[in-house]
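# Analysis of the macromolecular model
Residue strings, one per chain:
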Amino acid sequence: MTSVAIGLTVLSGLLYVLGYALSRGLVTNHGLTPLQVTFLRCVVILLVGLAATSWPGNGMTWHRLFRPERAWQQRAAAAALVVSNALAVLAYTLLSVTAASALGFTAPLLLALLGGLFLRERVSLGRWLGTLVGFAGMLLIVKPGGEASLAGIAAAFAGALTYAVYQIFIRRLREVATTLDTIMQVALVGVVLLAVPVAADWHPVSPVSAGLIVVVTVVQTAALASIAAALHRGEASRLAPWQFSGLLWAMALDALVLHATPTSGSLFGALLVIGGGVLAQVLKSPGRA
């Protein structure tokens, strides 16, 4: 696995945290629902993708969009990510940015397990130790037993589980689906799945809200492209510890925007997050490069 895959994973963590923090604002300050935010993002992406089919050399065609290879697997992956996105927006609405991110980043631990079970990737002791150390750091940041909303915790964990399932699908599809295919399938499936429930509970969208939807779409699409590209270059279980870096971005965002100074326990947790990622790379299985 190259340093490019690690860099892309760290970048995706930053972009996801930023995107979900902006999505939280759309719910708490602009009156939209988590499903509506997710649906509108998918609409924007799908419209841009459909318009791009007329551009020569862009790689997207009507056939690739509506009749992709291994269509059911690609759409199952897309459905998993749509559900994960909606749950994550809900979690960020109910919890602080740091707490929602910390709980959401249980996905790397789940991914390490699922990568070994379903992808038959060899999960070394170092990778397990690195993931568990990063998970311990997450617990120090979240501080279980505090004032966090139970519904928010459940939404964050469920979102993490469905996100891990999505990444497993993407890893299995890397020979037939490009990053662009992944993005467009998520948009198409999201529009189809959410159209009816969103229409039944539609909230007005102001020009400011529409602009923020576009910004969120750009940021989170970039995050999706980054993690998809990383998973095309490296093993899912080996990249898992590095996804904990998103917790560091969340702490920085809370400090900059909410002026919430990290506690000593949170800072120690951040060090564990970094140490877990490094540990997984240093302690490799015998005989492996």
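Residues numbered from 1 in each chain as written. Predicted model: local features only at pLDDT ≥ 70, side-chain atom pairs only at ≥ 80, totals over all residues. Heavy atoms only, no water.

Within an unreviewed UniProt entry, the label attached to the protein reads DMT family transporter, and the organism entered is Muricoccus vinaceus.

Moving on to the nonpolar core. Ranked by size, the top nonpolar core spans 73 residues in total, and within it Tyr-16, Val-17, Leu-46, Tyr-163, Tyr-166, Leu-224 and Leu-247 carry the most contacts. For Leu-46, the contacting residues outside a window of four places in its chain are Leu-65, Met-184, Ala-187, Leu-188 and Val-191. (Core = buried A, V, L, I, M, F, W, Y, C linked by side-chain atoms within 4.5 Å. Buried < 20%, exposed > 50% of the residue type's maximum accessible area, 1.4 Å probe, protein only. Contact = heavy atoms within 4.5 Å.)

Here we take up the packing of aromatic side chains. A full pass over the atoms with the stated rule returns 4 aromatic pairs. Arranged with centres 6.1 Å apart and planes meeting at 15 degrees, the rings of Tyr-16 and Tyr-20 form a pair that is stacked. Here the residue Tyr-16 and the residue Tyr-20 both occupy positions in helix α1 (residues 3–28), the gap between them amounting to 4 residues, near one helical turn. Exposure remark for Tyr-20: the relative accessible area of 7% places this residue in the buried category. On the numbers, 5.7 Å between centres and 80 degrees between planes, the contact of Tyr-16 with Tyr-163 is edge-to-face. A residue pair is termed long-range when its members are at least 10 positions apart, and Tyr-16 in helix α1 and Tyr-163 in helix α8 (residues 150–172) qualify at 147 residues. Of the two residues examined, Tyr-16 and Tyr-163, each falls in the buried class. Pairwise contacts between aromatic rings join Tyr-16, Tyr-20, Tyr-92, Tyr-163 and Tyr-166 into one cluster. (Phe/Tyr/Trp six-rings, centres within 6.5 Å; stacked < 30°, edge-to-face > 60°. Helix = DSSP H or I, 4+ residues; strand = E, 2+ residues; numbered from the N terminus.)

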